[in-house]
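Report on the structure
Listed below are the residues making up each chain.
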Amino acid sequence: MIALAVVLASCASTNQGSETMDLQTAKGIAMAMEDEAAALVPPENVGDQTQLKTAHLLGCADDQLKWSGRTTVTLLGDVDAEAMIDVIAAAWEQKDGVVVERRSTRQGAPRVDMTGTQGDFYSASIWAPGTELKITSFSPCFELAEGQHPSDAF
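None of these values were measured; they are calculated from a predicted model.

Cut-off values and rules
- Throughout this description, residue numbers start from 1 for each chain and increase along the sequence as written.
- Selection of residues for local features in this predicted model requires a pLDDT of at least 70, selection of side-chain atom pairs for listing and counting requires 80 or more, and totals for whole chains, interfaces and linings are taken over all residues.
- Where side-chain values are given, they derive from all heavy atoms of the structure, hydrogens and water being excluded.
- Any pair of cysteine sulfurs within 2.5 Å is marked as a disulfide.
- Here a strand is any run of E in DSSP of at least two residues, a helix any run of H or I of at least four, and the numbering for each starts at the N terminus.
- Predictor confidence is given residue by residue as pLDDT, running from a minimum of 0 to a maximum of 100.
- Two residues qualify as a contact provided that any one of their heavy atoms is within 4.5 Å of a heavy atom in the partner residue.
- When accessible area is computed with a 1.4 Å probe and restricted to protein chains, residues below 20% of their type maximum are described as buried, those above 50% as exposed, and intermediate ones as partly exposed.
- Any two strands with at least two DSSP-identified bridges between them are counted as paired.

Attention shifts here to the state of the cysteines. If you walk through the whole model with that rule in mind, you get one disulfide. Note on cysteine connectivity: Cys60 is disulfide-linked to Cys141, with sulfurs 1.6 Å apart. Of this pair, Cys60 sits in the loop between strand E2 (57-59) and strand E3 (65-75) while Cys141 sits in the segment after strand E7 (132-138), and the two are 81 residues apart along the sequence.

Take the confidence of the model for the protein chain next. Residues of the protein chain with pLDDT of at least 70 account for 88%, and the chain-wide mean is 86. Ranking the helices and strands of the protein chain by mean pLDDT puts E7 first, with 97, and helix H1 (residues 2-14) last, with 37. When the criterion is pLDDT under 50, residues 1-18 qualifies, and its contacts beyond four places in sequence or with other chains add up to 10 contacts.

Once that is clear, we can look at unusual backbone geometry. Notably, Asp62 is not glycine yet its phi reads approximately 55 degrees, a positive angle. As for its position among the elements, Asp62 is in the loop between E2 and E3. When its relative accessible area of 72% is taken as the criterion, Asp62 is described as exposed. Positive phi is not limited to glycine here, since Asp63 has a value of about 60 degrees.

Moving on, we get to the pairing of strand E4 (residues 99-104). Walk down a regular strand and you will see the side chains alternate between the two sheet faces. Examined bridge by bridge, E4 and strand E5 (residues 110-115) share six bridges and lie antiparallel to one another. Bridging across to E5, Val100 finds its partner in Met114. Taken together, E4 and the strand that follows it, E5, pair antiparallel across an intervening segment of five residues, in which Gly108 is found at a positive phi of about 90 degrees.

Here you go:
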């Protein structure tokens, strides 16, 4: 996990200035953030964990694109939904330069949103009356490589 963090940090630092991020780097950052949040669930409360590996791209500023993903953790046992979201929020608040907002879903379940320093966005919330943690991601913006088409799934 530490090695992944170092790689992602180096990717983030090279994205400043005139260089642009590519699809694989942006997708990797988003998926790693999903993994990081899911890892905060105590192992005894994890029944199953699934992560979308492919998704369609969404529009972003300056004719760039972003990748969207989702990880779903099926929860087992007695889970305090508010406390679980608080743990994720506290971890996200430790990151430099991010904006973290604690909210509720339309159904009143606890939720936390984080906007990253590269325009990436993440949300973690409890669904299906306390039985699922959903972590949604929208990667940093990137330029699609020549020969790739935005309508394809990546």
